[in-house]
Amino acid sequence: MKKSFIYALCSMLYALPANAASDCASRRIVPDGTLDLQQVVELGLCRNPQTAAAYLSAESARLSKNTGYAPYLPSVDASVSATKRLRNKQWSDIQSGAALSASWLIFDFGKRLADLNQMAAVWRATGFDYSNTVQNYVYEIVAAYYGMLSTDAEVRASTDLVAVARVAKDTADKKFKAGAVAKADVLKADTMLASRELELQRALGNREIAKGRLLYLLSFPQEQELKIADMPAKFGGQAEFKTISELIETARRQRPDLLSAEESSNAAWHRRNSAFLRNLPSISASGQLSYDFDNNYDDYGAGPNDRLGASIGIRASMPIFAGFSNVYNLRARQADYERAKEQQRAKEDFVAMDIWTAYQNYQTAQKVLEQTDALLKSATESERVVSGMYKVGRATMLDWQTQQAELASAQRQNITARYDLYIKRAALALAAGELKENLETGKENGEEN
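These notes cover the structure that comes with them. Everything numeric in this text was worked out from a predicted model, so none of it was measured.

Here we look at the packing of helix H7 (residues 256-277) against helix H8 (residues 325-391)
Alright, step 1. Viewed as axis vectors pointing N to C, H7 and H8 meet at an angle of 165°, and their least axial separation amounts to 8 Å. The angle between H7 and H8 places the two elements in the roughly antiparallel class. Every pair of crossing elements has a handedness; the one defined by H7 and H8 is left-handed. For the pair formed by H7 and H8, the contact residues are Asp 257, Leu 258, Ala 261, Glu 262, Ser 264, Ser 265, Ala 268, Trp 269, Arg 271, Arg 272, Ala 275 and Phe 276 on the first element and Asn 329, Leu 330, Arg 333, Gln 334, Asp 336, Tyr 337, Ala 340, Lys 341, Gln 344, Lys 347, Glu 348 and Val 351 on the second.
Alright, step 2. Each residue belonging to the contact of H7 with H8 can be placed in one class, and the counts come to 10 nonpolar, five polar and nine charged.

Take a look at the structure:
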């Protein structure tokens, strides 16, 4: 499972530049039409500078890892020289030559392999860091998307409440003109209408802030308009049926920050091994080919005094004493490895706590939505009954206003609870390390509420 995840991650890394090359990366204006969540996420991933920077870090680590293969190959150097010496106040003739030398490390007790494994582990850790950046960014998009839908719903609810308050004012005016109620009812109705209009303006302001937040995540100017579809979210749909232990086990296999900590620990282990292997012998072969030119021979071609030289050899070396630097370096790498293991253990504890919190928040959000649905249904019916009673003179304006206030409170709570549930679903999927996977699965299956 872990290896397949790494391969999938690598595929995603290499596929990103091709996606980023489309016009979404350079466009200045938000696409026309209504965008669903999948389209918003894809647009954001194409344009977001944080995910792009994380990808480039992973690409840099991959290229650095490739340098680990170089010590397995021979190294070849070429040189040319021209020398003019001063002796007894006289300059000698120019002596020139060329040389070609090669060396090849034959055996080093596995130090090259330790260095290569260390760089490969760093590359994998950086790739998981990139995946973690992507998942966190997708979660921010999800939260901003449903945050904007929530403010849209509040604007619609506030508009409806303004209409209800206006009906109450018109009813109070008619009854006052007919002499059925006192002037106080008209004033109360005017006050309620003004209050509802104020709430509508606040809802419109909150909606603009939420829109600006989503546009910021998409790297567009905040003054542009953005239309998004009101849709359900099934993030965490699989996770919600799992136990805490199953979620933790899933996170250990899939959560990128935990896998990154594991690979960082592996890199520290190989780095410690490399420091130890530096104290062991190494065997290398070398060869050199040189040619010295006879500068006193003016004709073209080889001169009679030209000299061709060559040498081959094998060399074994072993560090004996370096002022205890090798000893201290080995101890330092051992301490780094132990620190990486502790950091990995701390990350495992954090993941377990994160999953526990996300799971409990999601369970609570489900119950809150059920309760607010019942509350909204009751408040809507109560407001309808009291408004009818006021029109026939069996209730006061204060009674009607009280029910309107309760209806407004119930609507706001229900709107908040509904979209908060979607966000909590996404948080649960993020905690288990499968947020982006849930998004792609939901698109393929055609999710329905």
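Read on for the rest.
Some points on the nonpolar core
Alright, step 1. In terms of nonpolar packing, the biggest core is built from 41 residues, with Ile 141, Tyr 146, Leu 214, Leu 218 and Leu 226 touching the most fellow members.
Alright, step 2. Secondary-structure elements contributing two or more residues to this core are helix H2 (37-47), helix H3 (49-66), helix H4 (111-177), helix H5 (183-217) and helix H9 (397-432).
Alright, step 3. In terms of residue count, the dominant contributor to this core is H4 (13 residues).
Alright, step 4. For Leu 218, the contacting residues outside a window of four places in its chain are Val 40, Leu 43, Gly 44, Arg 47, Tyr 137, Ile 141 and Leu 226.

Concerning the packing of aromatic side chains
Alright, step 1. Taken as a whole and assessed by the stated rule, the structure comprises eight aromatic pairs.
Alright, step 2. Between Phe 321 and Phe 324, the aromatic rings sit 5.2 Å apart at their centres with planes inclined by 85°, giving edge-to-face as the arrangement.
Alright, step 3. The exposure class of Phe 324 is partly exposed, given its relative accessible area of 49%.
Alright, step 4. Three or more aromatic residues joined by ring pairs form one cluster here, namely Tyr 145, Tyr 146, Tyr 419 and Tyr 422.
Alright, step 5. The side chain of Lys 65 reaches across the aromatic face of Trp 123, ending 4.8 Å from its centre.
Alright, step 6. The ring of Tyr 390 carries the charged tip of Lys 175 above its face, separated from the ring centre by 4.4 Å.

Concerning the pattern of salt bridges
Alright, step 1. For the structure shown, the criterion picks out 25 salt bridges.
Alright, step 2. The partner of Asp 336 in a salt bridge is Arg 333, with the nearest N and O atoms 2.9 Å apart. Note that Asp 336 and Arg 333 are positioned in helix H8 at a spacing of three residues, about one turn of the helix.
Alright, step 3. Residue class for Arg 333 comes out partly exposed when judged on its relative accessible area of 21%.
Alright, step 4. Among the salt bridges present, the one from Lys 424 reaches Asp 420, with a minimum N-O distance of 2.7 Å. Of this pair, Lys 424 and Asp 420 both sit in helix H9, four residues apart, roughly one helical turn.
Alright, step 5. Three or more residues are tied together by salt bridges with common partners; here these are Asp 152, Arg 207, Glu 208, Lys 211 and Glu 225.

Quick look at unusual backbone geometry
Alright, step 1. Of note in this structure, Phe 109 is not a glycine but carries a positive phi near 60°.
Alright, step 2. You can see Phe 109 is positioned in the loop between strand E5 (95-107) and H4.
Alright, step 3. Accessibility expressed as a relative area gives 41% for Phe 109, which makes it partly exposed.
Alright, step 4. Phi angles above zero are rare outside glycine, and Phe 324 is one such case at about 65°.
Alright, step 5. Along the polypeptide, Phe 324 turns up in the loop between strand E8 (307-317) and H8.

Definitions and limits used
Residues numbered from 1 in each chain as written. Predicted model: local features only at pLDDT ≥ 70, side-chain atom pairs only at ≥ 80, totals over all residues. Heavy atoms only, no water. Axes fitted to C-alpha atoms, helices over the stretch in contact; angles between N-to-C directions. Helix = DSSP H or I, 4+ residues; strand = E, 2+ residues; numbered from the N terminus. Parallel < 35°, antiparallel > 145°, perpendicular 65-115°, else oblique. Left-handed = near helix turned anticlockwise from the far one by under 90°. Contact = heavy atoms within 4.5 Å. Nonpolar A, V, L, I, M, F, W, Y, C, P; charged D, E, K, R; others polar. Core = buried A, V, L, I, M, F, W, Y, C linked by side-chain atoms within 4.5 Å. Buried < 20%, exposed > 50% of the residue type's maximum accessible area, 1.4 Å probe, protein only. Phe/Tyr/Trp six-rings, centres within 6.5 Å; stacked < 30°, edge-to-face > 60°. Lys NZ or Arg CZ within 6 Å of the ring centre and 35° of its normal. Salt bridge = Lys/Arg side-chain N within 4 Å of Asp/Glu carboxyl O.

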